[in-house]
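Examination of the molecular architecture
Listed below, chain by chain, are the residues.
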Amino acid sequence: MEGDFRTEFVRTPGALKQNPALVLNADYRPLSYYPLSLWSWQDAVKAAYLNRVDIVAEYDHSVHSPSLQIRVPSVIVLKDFVQPQRRVAFTRFNLFLRDEFRCQYCGARGDLTFDHVVPRASGGVTSWENVVAACSRCNLKKGAKSLHRAGMALRKPPRAPGAEQLRNMGRKFPPGHLHESWMDFLYWDAELEA
C-alpha cells in the first residue's frame, strides 16, 4: 500500500502544518486522540491572548505584533472543562476506527468501504451491530449474501463502541508528527522504560 493509510482519513488544514498546538482539556487530557486535538498556532495564540487557555509548553520561536511578543504555544490547556461526548456518532470514520482500519473479513488495510453483515436486501439495518469495515475485494465477494453462503467469517463480532473505548483505540494510531513537548500529555499512562 502506498504511503501512510491514516492520511486518507484525516484532512489537515494548511495552518496546522507548521507549529500546531496540542489542545488539552482542563483535566490535562487531549480533547481527542484520533484525530488528535490540534489547533493552528494562530488559534492557540488568539486563545492565549483572550485568556481562554493556559500555555503549558512552547516552541523555540516567537511571533510578534508592534506591541506584543509571544512564544508560539506547542501545548495549551483549556481553562474550562469540556465534557467528553458519551454517545459515539455512527460515522464512517468511527466505524473504521472501531475496526482498527482493517477489513473485518481478511484483515487487509487500505481501500476500505463498509459492509452490512446481514445484507439490507435481507432486512439488515445500518447500525453498529450490523456494519463492518471491509476491503473492496471482500465486499464484492460477499455481495448481498449471508456470511454462511459467501463462505466468510468475521474477525470479531461488531458492537457499538463506548466513547472511552474509541478514544483508547485512537491512541493506537498516532499522527505522523508528534512534537516532543506533546509526549508527556499523550502517553502519560504508557509503560516507562527501565
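The structure under discussion appears in the preceding block.
Residues numbered from 1 in each chain as written. Predicted model: local features only at pLDDT ≥ 70, side-chain atom pairs only at ≥ 80, totals over all residues. Heavy atoms only, no water.

1. With respect to the overall build of the protein
Worth spelling out the cut-off: Helix numbers and strand numbers start at the N terminus; a helix is a DSSP run of H or I with at least 4 residues, a strand a run of E with at least 2. Exposure categories follow from relative accessible area, calculated using a 1.4 Å probe and restricted to protein chains: below 20% of the type maximum is buried, above 50% is exposed, and the middle band is partly exposed. Residue contacts follow a heavy-atom distance rule, with two residues in contact if any of their heavy atoms lie within 4.5 Å. Here, Shrake-Rupley sampling with a 1.4 Å probe gives the accessible areas, and only protein chains in the shown set may cover a residue.
Of the regular secondary structure elements, the protein holds 6 helices and 6 strands. Listing the helices and strands of the protein from first to last along the sequence gives β-β-α-β-β-α-β-β-α-α-α-α. Counting the 194 residues in the protein, one finds 39% classified as buried. Taking contacts inside the protein between residues at least 6 apart in sequence as the whole, the part at least 24 apart equals 62%. When the accessible surface of the protein is summed, it comes to about 11900 Å², and 50% of that surface belongs to carbon and sulfur atoms.

2. Some thoughts on the environment of Phe 101
Note that Phe 101 resides in the loop between helix 2 (92-98) and strand 5 (112-116). Here Phe 101 falls in the buried class, since its relative accessible area comes to 0%.

3. Quick word on the sheet that holds strand 1 (residues 21-24)
Our working rule: At least two bridges found by DSSP between two strands is the condition for calling them paired.
Spatial strand order, 2-1-4-3: 4 strands in an open sheet with mixed pairing. The open sheet has two free edges, formed respectively by strand 2 (38-39) and strand 3 (53-64), since each of these has just one partner strand. Pairing between strand 3 and strand 4 (residues 69-78): 8 bridges, direction antiparallel. Residue pairing across strands places Ser 62 opposite Arg 71, the latter belonging to strand 4.

4. Topic: the nonpolar core
Worth spelling out the cut-off: Buried residues of nine kinds, namely Ala, Val, Leu, Ile, Met, Phe, Trp, Tyr and Cys, make up a nonpolar core once their side-chain atoms join them within 4.5 Å.
Counting 24 residues, the largest nonpolar core has Tyr 34, Leu 97, Phe 101, Cys 103, Tyr 105, Cys 138 and Phe 173 as the members making the most contacts within it. Counting residues per element, the ones that place at least two in this core are helix 2, strand 6 (131-135) and helix 5 (163-170). If you tally residues by element for this core, the top one is strand 6, at 5 residues. Among the nonpolar cores identified, the runner-up in size contains 12 residues, and Leu 22, Leu 36, Trp 182 and Phe 185 belong to it.

5. Brief notes about the state of the cysteines
Note the cut-off: When two cysteine sulfur atoms are found within 2.5 Å, that pair is recorded as a disulfide.
For the coordinates displayed, the defined rule picks out 0 disulfides. Here Cys 103 stays free of any disulfide, with the sulfur of Cys 106 as its closest cysteine sulfur at 3.8 Å. For Cys 103, a relative accessible area of 0% puts it in the buried group.

6. Topic: the packing of aromatic side chains
Let me state the cut-off plainly: Two rings from Phe, Tyr or Trp (for Trp, the six-membered ring) form a pair when their centres are within 6.5 Å of each other. A pair whose planes differ by under 30 degrees is stacked, one over 60 is edge-to-face, and the rest are tilted.
Summed over all chains, the structure comprises 3 aromatic pairs. Seen from their ring centres, Phe 90 and Trp 128 are 4.9 Å apart, and the 75° between their planes marks the pair as edge-to-face. Of this pair, Phe 90 sits in the loop between strand 4 and helix 2 while Trp 128 is found in the loop between strand 5 and strand 6, placing the two residues 38 residues apart along the sequence.

7. Here we look at the pattern of salt bridges
Inclusion rule: Take a side-chain nitrogen of Lys or Arg and a carboxyl oxygen of Asp or Glu: if they are within 4 Å of each other, that pair is a salt bridge.
Across all of its chains, the model carries 7 salt bridges by this definition. Notably, a salt bridge pairs Arg 71 with Glu 58, separated by 3.6 Å at the nearest N-O pair. Here the residue Arg 71 occupies a position in strand 4, and Glu 58 occupies one in strand 3, the gap between them amounting to 13 residues. Of the residues examined, Arg 71 reaches a relative accessible area of 35% and is grouped as partly exposed. Judged by its relative accessible area of 35%, Glu 58 is partly exposed.

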